[in-house]
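In case you want the letters, here they are:
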Amino acid sequence: THKFWESQPVGQFKDIGDSSLPEGPIEPPTSLSEVKQEPYNLPALYEWTTCDMESDETCNEVYNLLKNNYVEDDENMFRFNYSQEFLRWALCPPGYYPSWHIGVRAKASQKLVAFITGVPARIRVRDEVVKMAEINFLCVHKKLRSKRLAPVMIKEVTRRVHLENMWQAAYTAGVVLPTPVTTCQYWHRSLNPKKLIDVGFSRVGARMTMSRTIKLYKLPDSPATPGFRKVELRDVPAVTRLLRNYLSQFVVAPDFDENDVEHWLLPTDNVVDSYLVESPETHEITDFCSFYTLPSSILGNQNYLTLKAAYSYYNVSVKTPLLQLMNDALIVAKQKDFDVFNALDVMHNESFLKELKFGPGSLHQSILFNYKSKTAVSTLLVTYLS
Ligand code: YNC
Ligand code: MG
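Just so you know, the residues in each chain are numbered from 1, in the order the chain's sequence is written. All chains are assigned letters beginning at A, and all ligands numbers beginning at 1, according to the order in which they are written. In keeping with the model being predicted, local features are shown solely for residues with a pLDDT of at least 70 and side-chain atom pairs are shown and tallied solely at 80 or more, while totals for entire chains, interfaces and linings include all residues. Side-chain calculation: all heavy atoms of the structure are included, whereas hydrogens and water are not.

Brief notes about the site of ligand 1
Reasoning step 1: Here a residue is considered near a molecule or strand provided that any single heavy atom belonging to it is located within 4 Å of it. Taken together, 32 residues sit near ligand 1, with His2, Trp5, Leu138, Ser146 and Ala150 positioned nearest.
Reasoning step 2: Within the backbone of Leu138, one N or O atom sits 2.7 Å away from a nitrogen atom of ligand 1.
Reasoning step 3: Side-chain atoms alone can form a polar contact between residues adjacent in sequence; in general such a contact is a pair of N or O atoms within 3.5 Å, and within protein one must be able to donate a hydrogen while the other accepts it. Between ligand 1 and Ala150 there is a distance of 2.8 Å, counted from an oxygen atom to a backbone nitrogen or oxygen.
Reasoning step 4: Protein burial of ligand 1: of its 1200 Å² of free accessible surface, 88% is covered by the chains.
Reasoning step 5: Helix numbering and strand numbering both begin at the N terminus, where a helix is a DSSP run of H or I of at least 4 residues and a strand a DSSP run of E of at least 2. Mapped onto the shell around ligand 1, the elements with two or more residues apiece are strand S5 (128-140), helix H3 (149-163) and strand S6 (168-173).
Reasoning step 6: The element that contributes the greatest number of residues to the shell around ligand 1 is H3, accounting for 8 residues. Method for areas: the Shrake-Rupley scheme with a 1.4 Å probe, in which residue coverage is limited to the protein chains shown.

Dropping the structure here:
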């Protein structure tokens, strides 16, 4: 049972399959004056803090909390190690609210012990654009687990979202919660199979040897598509047009404008890489692909500290076949020394995963808060960065 989640406006397991429930908000918005004005109470030894992510010092504290306490795989072999540049990128998009970057400190030591964040997003559901919060980076220090601190943090971020007159949210989780609008799966493409095997991320397959495995995953030295190059600032209008047009086919998708594209997709060192195809003849921009950088710490290995992972982000194929475009993405990721390239089975990714030698990994569910949707939306692609 879920004592906390059963009290929240999210789809409930008991309602699954009940098509009489209308699509849309579960609870109507209250008036702003009815939103609780004071923060929720914390246990006596702790206090709220707003984390200024523009400050190097605070950003470093958040970095260290997450580096030591954030998400691990089921076998506790790896832990996400989001970089400080990545955290700034993920948490300070256009129109972000500093008050949604919420920390908890121990009063006596002033040590940061818990964190949760929201950023604003415009998410289109069918033909309606809903302003939502994307909730991410919920983290409680390992020594403070199972004390029901997470529900207080979730209620506090909800209160601060409501104070900005927003009533819906989206988030993802690796654990089972009531109730996902979609469940998707991670797929992994080895770029550095020897290291992945040495650290226990993957195994030598049946009837395979190390050298045959290395040969299997070998890639050409450079991309095959003529006109494949990095995205530049001057490309933002063309990339925005391509992406908006592509996303229009999905039931649920972010509603990106040029400012969003500049923030989320212009290449930033060690954060996000984006490439496009510019026709050598017409100079028309026809295709686009991108991935972000999210390393994981390798726990307790003598030889390696970090697994360098690229995560497929938005890819749009119009003229170049998606398979070829993604193969070029793998090639540039390999050039940049990534060990593995990850992708979810969302959008049209299923059409290339097997052929490009991705193997299946863990499940990942997306949930909407205070929004009921009728069908499981298999193409849902919100809250990517978690
Ligand atoms: C989770 N990941 O079920 P019930 S993902 C949501 N997301 O409540 P306690 C979670 N809820 O079941 P702990 C959750 N994990 O009794 C647990 N819960 O109803 C629920 N891990 O609280 C859980 N980060 O404080 C239970 O648990 C209640 O001390 C138990 O703390 C949990 O960022 C946690 O995986 C996750 O740091 C903080 O384990 C801790 O275990 C931890 O006793 C490692 O909590 C890091 C990790 C989660 C990453 C993420 C998305 C978070 C979404 C939160 C929900 C947002 C709702 C929308 C709000 C805005 C609304 C508007 C408008
Ligand atoms: Mg707790």
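Here's the deal with the packing of helix H6 (residues 236-247) against helix H7 (residues 258-265)
Two quantities define a packed helix pair, namely the angle between the axes and the distance from one axis to the other.
Reasoning step 1: At a minimum axis distance of 9 Å, the contact between H6 and H7 shows a crossing angle of 100 degrees. By the angle between their axes, H6 is roughly perpendicular relative to H7. Counted together, Val236, Pro237, Val239, Thr240 and Leu243 of H6 and Glu258, Val261, Glu262 and Leu265 of H7 form the full contact between these two elements. Interaxial angles span 0 to 180 degrees and are taken between N-to-C directions of axes, which are lines fitted to C-alpha atoms, for helices over the stretch in contact. Roughly parallel refers to an angle under 35 degrees, roughly antiparallel to one over 145, roughly perpendicular to one between 65 and 115, and oblique to any angle outside these ranges. Contact between two residues is taken to exist if any of their heavy atoms lie within 4.5 Å; hydrogens are not considered.

Some thoughts on the sheet that holds strand S12 (residues 296-298)
Reasoning step 1: Pairing between two strands requires that DSSP report at least two bridges joining them. Ordered in space as S2-S12-S13, the 3 strands form an open sheet in which the pairing is antiparallel. Lying at the two open borders of the sheet, with one neighbouring strand each, are strand S2 (78-80) and strand S13 (306-307).
Reasoning step 2: Bridge count for S12 against S13 is 2 bridges, and the pairing is antiparallel. Paired with Ser297 across the strands is Thr306, a residue of S13.
Reasoning step 3: Of the strands in this sheet, S2 and S12 are in contact with helix H1 (residues 56-69), which crosses S2 at around 155 degrees.

Section: the environment of Leu325
Reasoning step 1: By the secondary structure assignment, Leu325 is in helix H8 (residues 322-335).
Reasoning step 2: A 1.4 Å probe rolled over the protein chains alone gives each residue an accessible area, and that area as a share of the maximum for its type sets the label: buried under 20%, exposed over 50%, partly exposed in between. What makes Leu325 buried here is its relative accessible area of 0%.
Reasoning step 3: Separated by 50 residues in sequence, Leu325 and Tyr275 place their C-alpha atoms 9.5 Å apart.

Structural notes on the domain arrangement of the protein
Reasoning step 1: An automatic or database domain assignment supplies the residue ranges for each domain. Looking at the protein, the domain boundaries give domain 1 (5-172) and domain 2 (183-369).
Reasoning step 2: The gap between the C-alpha centroids of domain 1 and domain 2 is 27 Å.
Reasoning step 3: In this assembly, 35 residues from domain 1 lie in contact with 37 residues from domain 2.
Reasoning step 4: Of the roughly 3200 Å² buried where domain 1 meets domain 2, counting both sides, 61% is carbon and sulfur surface. Note: buried area is the sum, over both parts, of the accessible area (probe 1.4 Å) each one loses when the two are combined.

Details of the pattern of salt bridges
Reasoning step 1: Basic side-chain nitrogens of Lys or Arg form a salt bridge, by our definition, when they fall within 4 Å of a carboxyl oxygen of Asp or Glu. Summed over all chains, the structure comprises 19 salt bridges.
Reasoning step 2: A salt bridge links Asp255 to Arg122, with the shortest nitrogen-to-oxygen separation between them at 3.3 Å. Of this pair, Asp255 sits in the loop between strand S9 (252-254) and H7 while Arg122 sits in strand S4 (residues 112-125); the two residues are 133 residues apart in sequence, bridging distant segments of the chain.
Reasoning step 3: Under the relative-accessibility criterion, Asp255 is labelled buried at 17%.
Reasoning step 4: Ionic contacts of the salt-bridge type, sharing partners, join the residues Arg122, Arg244, Asp255, Asp257 and Asp260 into one network.

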